[in-house]
Amino acid sequence: MTTQDRNDMENRVEQFLQDLRLTNAVCYELVQALRQQILSASNSTDETVQEEIKYGGILFAVEQAFCGIFAYANHVSLEFGEGAGLPDQFGVLEGKGKFRRHIKLTTLADIKNKHVMHYIKLAYQGL
């Protein structure tokens, strides 16, 4: 990826966030808190979690996408493309599709109460 491509992606993410902040401050705060956790998922300086705007949300990837954040009117959804394969120790994954699962969040407290970082790490390590 070129520096220009990386800059374009960063600008698109920033524009998405600014638009969200203006239209839905509660979801904006949730998205920002989730982003911080996801971007810190890498334990290595060799791997950087990249983000891009796709499908109306923010997808996160190292070599391939491992999760995404999507903002709706009354909640934020943390989605896992291969979530059906994640062990659901805390019983918070929703969805019945063949592959995808998600965690619905409505408050900042949900991030801790629904053990979000546990699932982010599982999805990240599953790459």
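Structure report, in brief. The residue count restarts for each chain, going from 1 along the sequence in the order it is written. Confidence filtering applies because this is a predicted model: local features only for residues at pLDDT of at least 70, side-chain atom pairs given and counted only at 80 or more, and all residues used for totals across whole chains, interfaces and linings. As a rule here, side-chain values cover all heavy atoms of the structure and leave hydrogens and water aside.

With respect to the environment of Leu-93
Which entries qualify depends on this criterion: Secondary structure elements are taken from DSSP: a helix is a run of H or I of four residues or more, a strand is a run of E of two residues or more, and numbering for both begins at the N terminus. Only heavy atoms enter the contact rule, under which two residues are in contact if any of them lie within 4.5 Å.
Tracing the backbone through its elements, the reader meets Leu-93 in the loop between β4 (76-80) and β5 (101-105). When the C-alpha positions of Leu-93 and Asp-8 are compared, they lie 33 Å apart, and in sequence the two are 85 residues distant. Those residues in contact with Leu-93 that lie beyond four places of it in its chain are Phe-80, Gly-83, Leu-86, Asp-88, Arg-101, His-102, Ile-103 and Tyr-119.

Brief notes about helix α1 (residues 3-23)
Residue pairs spaced three or four apart in an α-helix point in one direction, given the helix's 3.6 residues per turn. Test applied: A helix is expected to span 1.5 Å multiplied by its residue count minus one. Relative accessibility thresholds used throughout: buried, under 20% of the residue-type maximum; exposed, over 50%; partly exposed, between the two (1.4 Å probe, protein chains only). Working definition: the arc comes from the directions between the helix axis and the C-beta atoms, pointing outward to the latter.
Counted at 1.5 Å a residue, the expected span for α1 with its 21 residues is 30 Å, and the 30 Å between its end C-alpha atoms agrees. Along α1, the residues that are buried comprise Met-9, Val-13, Phe-16, Leu-17 and Leu-20. One side of α1 carries all its buried residues, which in axial view fall inside an arc of 95°. Turned more than 90 degrees off the buried face of α1, the exposed positions are Thr-3, Asn-11 and Leu-22. If you follow the buried residues of α1, they end up packed against α2 (25-39), β1 (50-54), β2 (57-61) and β3 (65-71).

A few points about the environment of Leu-30
Relative to the helices and strands, Leu-30 is located in helix α2. With relative accessibility at 1%, the residue Leu-30 sits in the buried group. For Leu-30, the residues in contact, after removing those within four places along its chain, are Val-76, Leu-105, Thr-106, Thr-107, Leu-108 and Ile-111.

Concerning the pairing of β5
Put simply, the rule is: Two strands qualify as a pair provided DSSP detects at least 2 bridges between them.
Only one face of β5 is buried, namely the one carrying Arg-101, Ile-103 and Leu-105, since none of His-102 and Lys-104 on the opposite face is buried. Across five bridges, the pairing between β4 and β5 is antiparallel. Bridge pairing in β5 places Glu-79 opposite His-102.

Considerations on the nonpolar core
So the rule is basically this: Here, the term nonpolar core denotes a set of buried Ala, Val, Leu, Ile, Met, Phe, Trp, Tyr and Cys residues that are joined through side-chain atoms within 4.5 Å.
By size, the foremost hydrophobic cluster in this structure holds 33 residues, and its most contacted members are Ile-38, Phe-66, Leu-78 and Phe-80. Listing elements by their share of this core, those giving two or more residues are α1, α2, β2, β3, β4, β5 and α4 (116-125). Element by element, the count of residues in this core is highest for α2, at seven residues. With near-sequence residues (within four places) excluded, Ile-38 lies in contact with Val-49, Phe-60, Phe-66, Cys-67, Ile-69, Leu-78 and Ile-120.

Focus on the packing of aromatic side chains
The test is simple: Between rings of Phe, Tyr and Trp, where Trp is taken as its six-membered ring, a pair exists when centres lie within 6.5 Å; planes separated by under 30 degrees are stacked, by over 60 edge-to-face, and by other angles tilted.
Following the criterion strictly, the structure yields two aromatic pairs and no others. For the pair Phe-66 and Tyr-124, a centre-to-centre distance of 5.4 Å together with 75° between the ring planes defines the contact as edge-to-face. Taken together, the residues Phe-66 in strand β3 and Tyr-124 in helix α4 connect sequence positions 58 residues apart. Comparing Phe-66 with Tyr-124 shows no difference in burial state: the two are buried. A centroid spacing of 6.3 Å and a plane angle of 70° characterise the contact between Phe-90 and Tyr-119, whose relative ring orientation is edge-to-face. A residue pair is termed long-range when its members are at least 10 positions apart, and Phe-90 in the loop between β4 and β5 and Tyr-119 in helix α4 qualify at 29 residues. The partly exposed category is assigned to Phe-90, whose relative accessible area is 33%.

Regarding the sheet that holds β2
Inclusion rule: Orientation is described by axes fitted as lines to C-alpha atoms, over the contacting stretch for helices, and by angles from 0 to 180 degrees between their N-to-C directions.
Overall, antiparallel pairing links the five strands, which are arranged β1-β2-β3-β4-β5 in an open sheet. In this open sheet, the two strands that pair with only one neighbour each are β1 and β5. Adjacent strand axes in the sheet meet at a mean angle of 20° when their direction is disregarded. The pairing of β2 with β3 spans four bridges and is antiparallel. Residue Ile-58 lies in a different strand from β3, and its bridge partner there is Ile-69. Contacts between α1 and the sheet are confined to β1, β2 and β3, with β1 contributing the most and set at about 65° to the helix. Of the strands in this sheet, β1, β2, β3, β4 and β5 touch α2, which is tilted by about 170° from β3.

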